[in-house]
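# Residue-level structure breakdown
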Amino acid sequence: MKPISSVITGLPDLVLGASNSTGLQHGERGAGTAAVLAKLESQSPEDTDRNLLQWLTSSLGIVPHPQISLTYPVTGGYQRSVTGFSFEGLTQTNLSRALEATYSAMTPATVQRCEEHVSTLHAVTAHRNDSENSLRLILRLYADCLARYPADVSKAVVQRFIYRSDKPNFFPTLSELKDACDKAAAQRQQLMAAMENKR
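No experiment lies behind these values; they were computed from the predicted model shown.

Scoring rules and cut-offs
- Residues numbered from 1 in each chain as written.
- Predicted model: local features only at pLDDT ≥ 70, side-chain atom pairs only at ≥ 80, totals over all residues.
- Heavy atoms only, no water.
- Helix = DSSP H or I, 4+ residues; strand = E, 2+ residues; numbered from the N terminus.
- Contact = heavy atoms within 4.5 Å.
- Areas by Shrake-Rupley, 256 points an atom, 1.4 Å probe, with all protein chains shown as cover.
- Patch = residues over 30% accessible without salt bridge, like charges linked within 9 Å, V, L, I, M, F, W, Y side chains within 5 Å.
- Salt bridge = Lys/Arg side-chain N within 4 Å of Asp/Glu carboxyl O.
- Axes fitted to C-alpha atoms, helices over the stretch in contact; angles between N-to-C directions.
- Parallel < 35°, antiparallel > 145°, perpendicular 65-115°, else oblique.
- Left-handed = near helix turned anticlockwise from the far one by under 90°.
- Nonpolar A, V, L, I, M, F, W, Y, C, P; charged D, E, K, R; others polar.
- Expected span 1.5 Å × (residues − 1).
- Buried < 20%, exposed > 50% of the residue type's maximum accessible area, 1.4 Å probe, protein only.
- Core = buried A, V, L, I, M, F, W, Y, C linked by side-chain atoms within 4.5 Å.
- Bend = angle between axes of the 7 residues up to and from the residue.

Another point: the overall build of the protein chain. Across its full length, the protein chain holds nine helices and two strands. Order of helices (α) and strands (β) in the protein chain, N terminus to C terminus: α-α-α-α-β-β-α-α-α-α-α. Partitioning the contacts of the protein chain with sequence separation of at least 6, the portion at a separation of at least 24 is 76%. Counting only carbon and sulfur atoms, one obtains 54% of the accessible surface of the protein chain, whose full area is about 10700 Å².

Structure (structure tokens):
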């Protein structure tokens, strides 16, 4: 278990320091990005989301209230998803800092790092014997897909496919990879969209 101080001062403080010093916008890379990427890749998407929400409350006085939707798939069980956010304490004054932290938490991994993730996945799963050109194309398509998502999401999704039990050792389709990334990044994307709508 992490001490409370590291949870509160984790990613957002690092992120705000990097963003304030470089003036980065969502998706841009700069001097502070390496530290942000290292922090993102060191934790799960769930931890990043939790830390970000806690930081918004403790540092900016913004209390985010997620709007939850429960769906019941045919396969059984239920799925919980965040469909939006409402806020207490969000003002035009603290909105820009909140967005900076959220944009930084959305920082994608480099395409090279995503290619490393896909290469690892390819190495440990069953797949067709593709030609070298075909393999390069697969690597590029999958890496481009992963590079559209936050670094912690792309890393975690690949790890989940490596260790999944429902189809062990099978290389995922591009659609499966995208769906898994969408699901893992959904809460942060909803948070960002809700704050952008308050501008």
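Further notes follow.
On the surface, a nonpolar cluster with roughly 470 Å² of combined accessible area is contributed by Ile68, Leu70, Tyr72 and Tyr78. Within the secondary structure, Leu70 sits in strand 1 (residues 63-71).

With that settled, the discussion passes to the packing of helix 6 (residues 111-124) against helix 7 (residues 132-146). Closest axis-to-axis distance for the helix 6/helix 7 pair is 8 Å, and the angle between their directions is 120°. Here helix 7 runs oblique to helix 6, going by the angle between their axes. Both helix 6 and helix 7 take part in a crossing whose hand is right-handed. Across from Val111, Cys114, Glu115, His117, Val118, Ser119 and His122 in helix 6, the residues of helix 7 making contact are Leu135, Leu139, Arg140, Tyr142, Ala143, Asp144 and Leu146. The residue inventory of the contact of helix 6 with helix 7, partitioned by class, reads eight nonpolar, three polar and three charged.

In this fold, Val82 is placed in strand 2 (residues 79-88). With residues near it in sequence (within four places) discarded, Val82 still touches Pro66, Gln67, Ile68, Gln187 and Gln190.

Let us look at helix 4 (residues 45-60). With 16 residues, helix 4 should reach 22 Å at 1.5 Å per residue; the first-to-last C-alpha distance of 22 Å fits that figure. Of the positions making up helix 4, those classed as buried are Pro45, Thr48, Asp49, Asn51, Leu52, Leu53, Trp55, Leu56 and Leu60. Looking one or two places after helix 4, you find Gly61, whose phi comes out positive at around 75°.

Let us look at the nonpolar core. Counting residues in each nonpolar core, the largest one holds 25 residues, and the members touching the most others are Leu146, Val153, Val157 and Leu177. For this core, the elements supplying multiple residues, two or more each, are helix 3 (33-41), helix 6, helix 7, helix 8 (151-163) and helix 9 (174-196). Formed by 20 residues, the second largest nonpolar core is a distinct cluster that contains Leu52, Leu60, Ala98 and Met106.

Inspection of the secondary structure assignment puts Leu53 in helix 4. Residues Leu53 and Ala98, 45 residues apart in the sequence, show an inter-C-alpha distance of 9.8 Å. Setting aside anything within four residues of it in sequence, one finds Leu53 in contact with Pro64, Phe85, Gln187 and Leu191.

The next subject is the pattern of salt bridges. Within this structure, the stated rule accounts for 12 salt bridges. Arg140 is the salt-bridge partner of Asp144, the closest N and O atoms lying 3.4 Å from each other. With Asp144 and Arg140 both in helix 7 and four residues apart, this pair spans about one turn of that helix. A single network of salt bridges, built from pairs that share partners, joins Glu41, Arg113 and Glu116.

Right, let's talk about helix 9 for a bit. Along its length, helix 9 shows its largest kink, about 55°, at Ala186. Restricting attention to buried positions, one finds in helix 9 the residues Leu177, Cys181, Ala184, Ala185, Gln187, Arg188, Leu191, Met192, Ala194 and Met195.

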